[in-house]
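# Architecture and fold: a report
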Amino acid sequence: MQQTQPIWTIVESKEDSNIYTIATRSCVICNSCRYCEGLCAVFPAMEKYREFSDKEIDYLANLCHQCSECFYDCQYAPPHEFGVSIPTQFAQARKESYKKYVFPSFLGKAFDSNAWLTTILLVVALFVGFFGASSGISSEVSNGIFGAFNAAFGNVESKGIESQGNFFAVIPYNYMVSVFSLVSIFVFIALIAGVVRFAKAIELRGVNGKVFMQSLKDALSLRYLGGHKSEGCTYPNEKRSNVRRIYHHFTAYGFLFCFIATSLAAFYHHFLHLSAPYDITQLPKLFGFIGGILLCIGTLGLFVLKLVADKEIVDKESVSMDYVFLFMLFIVSFSGLFLMVVRESAMLSYALWFHLSTILVFFLMIPYSKFVHIFYRFIALLKYNAEEGH
């Protein structure tokens, strides 16, 4: 059996700045100590290895939920010379894994190099696109940039207050569906490609129905953010709290409710022949309203937690994209709620163009942002539960 690398050789090589080398050094030290083996799934999974390749680090990093309890329990954490900091080191490794398995890679690089600028430019470009498609600001513009869509679906002018809340009087239904369908197909392909690449890299196998259901239960309940006896995790600081878990639930189920609202709206439109706008008592509007509220609360809460989190457990290089992702998800939900309020006013067109633009940009961000951690972590949970025989 292979022997763990001696700790003194690990310490002597600590000047190496490669994140995978740094994370490997910490994992070897953790395996020698094993004080944290009961904290979460990461450490029992870690103990199965004596040597760590990049793919093992990718697996462990995505299994980690960055609750940071191991950091506060660790006797080798900074300022100790061993410098073991699993939360920050795994955060950096996760960021590298997103770039490694992403498809296509150039979009991942664009969001990674300047997430804020890329996001803002995309929102502006899409806003102009919706504006041009619906308002016909000039014949040259509409026959040029938007000519293909206008020729196919017609050019409908914005009617403001006269539209009485009818979105399709502002933007043609076929135009809207076509744009969202193209973006959704692209995002779906990019997301599946990245997830499959990750699953193959970490050698996922042995998954059966029992393993799948256990992993789904762990993911939906955020099991490893609960701490001992559900007293919470040590984030954003050393004091135990369930606040992060609660905000995660608000965000996740808010997103789910909004997805259900969109699906119900499509069902109403195509099968029941009931077109928008819907009343607040109807299911599409009810799910959308509740989902929007949950998303606003959840994303704003998580954003604030990141701002006030202990700097020792936050990776400065990877947190920028997290801020952009949470901000965009908040803007999507907030602009949707704002659209409900102004749908029968002269602001309808502008609110609708902006809301649709933010949704599309959020969709485009999905394969290149922390959103993929949902899928990568589920794959990691599948591997962990399969190996544990759950």
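## With respect to the overall build of the chain
Check the secondary structure of the chain and you find 17 helices and zero strands. In the chain, which comprises 390 residues, the share counted as buried stands at 48%. Counted over contacts in the chain with a minimum sequence separation of 6, partners at least 24 positions apart contribute 72%. When the accessible surface of the chain is totalled, it reaches about 18800 Å², and 64% of it is carbon and sulfur.

## Some words on the packing of aromatic side chains
By the definition in use, this model includes 26 aromatic pairs. Aromatic side chains F212 and F378 sit 5.5 Å apart centroid to centroid with 85 degrees between the ring planes, which places their arrangement in the edge-to-face category. Placement of F212 in helix α12 (residues 209–221) and of F378 in helix α17 (residues 372–388) is noted, with a sequence separation of 166 residues between them. Assessed through its relative accessible area of 18%, F378 is described here as buried. Between Y350 and W353 the ring centres are 5.2 Å apart and the planes differ by 80 degrees, which places this aromatic pair in the edge-to-face class. Of this pair, Y350 and W353 both sit in helix α16 (residues 348–365), three residues apart, which is roughly one turn of the helix. Its relative accessible area of 1% is what places W353 among the buried residues. Following the ring pairs from residue to residue traces out a cluster consisting of F180, F255, F325, F362, F363, F371 and F375. We note R244 situated over the ring of Y235; from NZ or CZ to the ring centre the distance is 4.4 Å. Its guanidinium or amino end placed over the ring of Y59, K383 lies 5.2 Å from that ring's centre, counting from NZ or CZ.

## Section: the pattern of salt bridges
Enumeration according to the criterion identifies ten salt bridges in this entry. The partner of D58 in a salt bridge is K100, and the shortest N-O contact between them spans 2.8 Å. Placement of the pair is D58 in helix α4 (residues 54–63) and K100 in helix α6 (residues 86–101), with a sequence separation of 42 residues. A residue is classified by how much of its surface remains accessible, and D58, at 0% relative accessible area, is buried.

## Observations regarding the packing of α4 against α17
Packing of α4 against α17 brings their axes to within 8 Å, and their N-to-C directions diverge by 105 degrees. Put simply, α4 runs roughly perpendicular to α17. Every residue of α17 that contacts α4 at Y59, A61, N62 and L63 is listed here: H373, Y376, R377, A380, L381, K383, Y384 and E387. Classifying every residue of the contact of α4 with α17 by side-chain character gives seven nonpolar, two polar and three charged.

## Topic: the state of the cysteines
Enumeration over the complete set of coordinates arrives at zero disulfides. The thiol sulfur of C233 is not disulfide-bonded, and the nearest other cysteine sulfur, from C67, lies at 5.6 Å. Exposure remark for C233: the relative accessible area of 1% places this residue in the buried category.

## Focus on unusual backbone geometry
That bond from P78 to P79 is cis: its omega, 15 degrees, falls within 30 degrees of zero. Mapping P79 onto the fold places it in the loop between α5 (69–73) and α6. Between F103 and P104 the backbone carries a cis peptide bond, its omega angle lying at -15 degrees. One non-glycine residue with positive phi stands out, namely R34, at about 65 degrees. The partly exposed category is assigned to R34, whose relative accessible area is 34%. Of note, the phi angle at Q66 is positive, near 55 degrees, even though the residue is not glycine. Structurally, the position occupied by Q66 is in the loop between α4 and α5.

## Describing the nonpolar core
Of all hydrophobic cores here, the largest spans 103 residues; its most connected members are M46, Y59, L63, F90, F130 and I171. Apart from residues lying up to four places away in sequence, M46 is in contact with C27, C30, N31, F52, L60, I86 and F90.

## Side note on the side chain of D315
Along the chain, the position of D315 falls in the loop between α14 (283–308) and α15 (316–342). Buried and unpaired, D315 has no salt bridge, with K95 as the nearest side chain of opposite charge at 6.0 Å. In this structure the side chain of D315 is engaged in a polar contact, spanning 3.4 Å, whose partner is the side chain of Q92. Apart from the residues lying within four places of it in its own chain, the contact partners of D315 are T88, A91 and Q92.

Cut-off values and rules
- Residues numbered from 1 in each chain as written.
- Predicted model: local features only at pLDDT ≥ 70, side-chain atom pairs only at ≥ 80, totals over all residues.
- Heavy atoms only, no water.
- Helix = DSSP H or I, 4+ residues; strand = E, 2+ residues; numbered from the N terminus.
- Buried < 20%, exposed > 50% of the residue type's maximum accessible area, 1.4 Å probe, protein only.
- Contact = heavy atoms within 4.5 Å.
- Areas by Shrake-Rupley, 256 points an atom, 1.4 Å probe, with all protein chains shown as cover.
- Phe/Tyr/Trp six-rings, centres within 6.5 Å; stacked < 30°, edge-to-face > 60°.
- Lys NZ or Arg CZ within 6 Å of the ring centre and 35° of its normal.
- Salt bridge = Lys/Arg side-chain N within 4 Å of Asp/Glu carboxyl O.
- Axes fitted to C-alpha atoms, helices over the stretch in contact; angles between N-to-C directions.
- Parallel < 35°, antiparallel > 145°, perpendicular 65-115°, else oblique.
- Nonpolar A, V, L, I, M, F, W, Y, C, P; charged D, E, K, R; others polar.
- Disulfide = S-S within 2.5 Å.
- Core = buried A, V, L, I, M, F, W, Y, C linked by side-chain atoms within 4.5 Å.
- Lys, Arg positive; Asp, Glu negative; His and termini not counted.
- Polar contact = N/O pair within 3.5 Å; in protein donor to acceptor, adjacent residues only side chain to side chain.

Geometry only, nothing functional implied.
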